[in-house]
There are 2 protein chains.
Amino acid sequence: MTDAAVAPVPVTQDGAEIAPGSSKSERSYTAIKARILEGSFTPGYRLVLAKIAADLGFSVVPVREAIRRLEAEGLVTFKRNVGATVSGIDPTEYLYTMQTLSIVEGAATALSAPLIDSVATARARAVNAHMRECLEHFDPVRFTALNQDFHSILFEHCPNPHILDLVHRGWNRLATLRSSTFRFVPGRAKESVLEHEALLQLIEAAADADTIERAARQHRIATLDAYLAHAPALTD
Amino acid sequence: MTDAAVAPVPVTQDGAEIAPGSSKSERSYTAIKARILEGSFTPGYRLVLAKIAADLGFSVVPVREAIRRLEAEGLVTFKRNVGATVSGIDPTEYLYTMQTLSIVEGAATALSAPLIDSVATARARAVNAHMRECLEHFDPVRFTALNQDFHSILFEHCPNPHILDLVHRGWNRLATLRSSTFRFVPGRAKESVLEHEALLQLIEAAADADTIERAARQHRIATLDAYLAHAPALTD
DNA sequence: ATGTACGAAATCGTATACGATACATCCTCC
DNA sequence: GGAGGATGTATCGTATACGATTTCGTACAT
């Protein structure tokens, strides 16, 4: 579970063994996306068609298609006749993304809550406990991964796949921040763990949808607020 | 405004005059999308690469790229080695889309509300009055277009473009239903007009964000509920 | 020394060609 | 007469080639 969040797709250096059955276009997409999410391709990295095609052993056409798909997801920025670069995320973009995420995560949590059984809450608690450990050992990368795992458990039986898709898109968009301390605002992580516990209690108590939605939304907003409070220091 | 909603992009039969400056890939995208949204390409319509390319006077490569982009937006369904068809929207898909729309529209309305001035509310009222007329003359197509115009006015200064983008995607997804009576559930249209007025009053009264969000969300949900109540009759 | 014009290199955009796949049709065999 | 397989056609998937555009460095003139 956790490993999957860090490296969702197995990738070899030459990218040849990814889902051998699917098209090269598909494999290009998967390979490039994996490298962006795992951090090999950092924001600003220039994605040169011919170079990537050579790396993967494909021609440029499928690679081009893959990059356009990634553009549609906001993971890369494309400029005509110039090329594609891995999207960065400036403070404004961060704000938009976090705000949107708060809304869709809130909705996803409220919709999923009635379907979360005691086994799932137990698993979520285990992950949350693990997060607390990461906090003590100061391991922001693992903390972030576990944070996603926690919410993924809650969303496992989300009845609306569209909303879930929006959540994932937001997460992917934020993933390019992985190696920075942008998301790890001092003091927020501890609160986050506490809020997770409070959220689980609301779910177990079968609180009404509005209450759960509000709590889940606030959980994300609080991180945004913490960032905004520190913005002068974090924005260069 | 209204005309724009019905035919957002001017398209000639041969598609040659769309934004002459942009790439053929871009023009293909615009042309195909326009035809889907205006209803020339109805759900289930088979998009054959070579045929479309010939129609547009381009080669298949840019057309292919355009279709993949439309796929990412959910407007067309692509099957490997088989081809693309204009996406239909079955009852389940309709439910997902409406539910998601209710959430993002609710958020968009709440975020925009403080920025809506009296000029905008007056314009919105005019559109709403026009909708009432369409109701009397039973003009579902125009009604639907005006309905979008109404909300577009509210969202004009939406501070979060990401959320606005999600709203538009939902609208586009529903647009393939244009020529059917699917969306025009008996009795709902009248309520819709009344709800618009109520929403405007909340906005003018500077009601708190939660209240406005709830009202806006409910506005969409009510249509979904009305559909669900009639589902046995409408689902064949 | 600085600004401008020119040219070369890098990279993308599109066309064309051909191989691969899937689906439909028809034929054969039982 | 029906079921199974072989064949044909439509269509997609990818490679390669070349033209178009941008960018950057360099040389020249001021």
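I will try to describe carefully the structure that is included in this document. What you see is a predicted model; the values in this text were computed from it and never measured.

Take the sheet that holds strand E2 (residues 76-79) of chain B next. With antiparallel pairing, the three strands of this open sheet are ordered in space as E1-E3-E2 (chain B). In this open sheet, the two strands that pair with only one neighbour each are strand E1 (46-47) and E2 of chain B.

Let us look at the interface of chain B and chain A. Of the residues lining the interface, 29 residues belong to chain B; the matching set on chain A comes to 29 residues. In this assembly, chain B packs against chain A so that about 2,500 Å² is buried in total across both faces, 49% of it on carbon and sulfur atoms. Taken together, chain B and chain A are joined by eight salt bridges. Seen at the junction of chain B and chain A, the total is 16 residue pairs in polar contact (both at pLDDT 80 or more). Mapped onto the side of chain B that touches chain A, the elements with two or more residues apiece are helix H4 (60-72), helix H5 (91-112), helix H8 (161-175) and helix H10 (209-234) of chain B.

Rotating chain B by 180 degrees and moving it 0.0 Å along the rotation axis overlays it on chain A with an RMSD of 0.0 Å. What we have between these two chains is a two-fold relation. Comparing contact sets, 100% of the residues at the interface of chain B also lie at the interface in chain A, consistent with an isologous, same-surface contact.

Residues and elements named next belong to chain A. Within the open sheet, the three strands sit side by side as E1-E3-E2. Their pairing is antiparallel. Strands with a single pairing partner mark the edges of an open sheet, and in this sheet they are strand E1 (46-47) and strand E2 (76-79). Two strands pair when backbone bridges link them, and E2 and strand E3 (residues 83-86) are joined in this way by four bridges, in the antiparallel orientation. Within the sheet, the bridge partner assigned to Thr77 lies in E3 and is Thr85. The sheet strands contacting helix H4 (residues 60-72) are E1, E2 and E3, and the helix crosses E2 at an angle near 115 degrees.

In this section: the packing of helix H6 (residues 118-136) of chain A against helix H7 (residues 140-154) of chain A. When two helices pack together, their arrangement is given by the angle between the helix axes and by the axis-to-axis distance. All names here are of chain A. At a minimum axis distance of 9 Å, the contact between H6 and H7 shows a crossing angle of 165 degrees. Relative to H7, the element H6 is oriented roughly antiparallel. Judged by the sense of rotation from one axis to the other, the crossing of H6 with H7 is left-handed. Contacts from Ala120, Arg123, Ala124, Val127, Asn128, His130, Met131, Cys134 and Leu135 of H6 reach H7 at Arg142, Phe143, Leu146, Asn147, Asp149, Phe150, Ile153 and Leu154. The residue inventory of the contact of H6 with H7, partitioned by class, reads eleven nonpolar, three polar and three charged.

If a probe as big as a water molecule is rolled over the atoms, it shows which places are left empty. Computed from the structure, the second largest pocket encloses a volume of approximately 700 Å³. Together, 27 residues line the second largest pocket, and Asp210(A), Glu213(A), Arg217(A), Glu213(B) and Arg217(B) are the ones closest to its centre. Residues belonging to the lining of the second largest pocket are distributed by class as follows: 13 nonpolar, six polar and eight charged.

The rules behind the values
Residues numbered from 1 in each chain as written. Chains lettered and ligands numbered in written order. Predicted model: local features only at pLDDT ≥ 70, side-chain atom pairs only at ≥ 80, totals over all residues. Heavy atoms only, no water. Pairing = 2+ DSSP bridges. Helix = DSSP H or I, 4+ residues; strand = E, 2+ residues; numbered from the N terminus. Contact = heavy atoms within 4.5 Å. Buried area = accessible area lost by both parts, 1.4 Å probe. Salt bridge = Lys/Arg side-chain N within 4 Å of Asp/Glu carboxyl O. Polar contact = N/O pair within 3.5 Å; in protein donor to acceptor, adjacent residues only side chain to side chain. Least-squares fit on C-alpha atoms with pLDDT ≥ 70 in both. Axes fitted to C-alpha atoms, helices over the stretch in contact; angles between N-to-C directions. Parallel < 35°, antiparallel > 145°, perpendicular 65-115°, else oblique. Left-handed = near helix turned anticlockwise from the far one by under 90°. Nonpolar A, V, L, I, M, F, W, Y, C, P; charged D, E, K, R; others polar. 1 Å grid on protein atoms, 1.4 Å probe; cavity = no way out; pocket = protein on both sides within 12 Å on 5 of 7 lines; lining within 4 Å. Points joined across faces, edges and corners; volume = space filled by probe spheres on them.

By themselves, these figures tell us nothing about what the structure is for.
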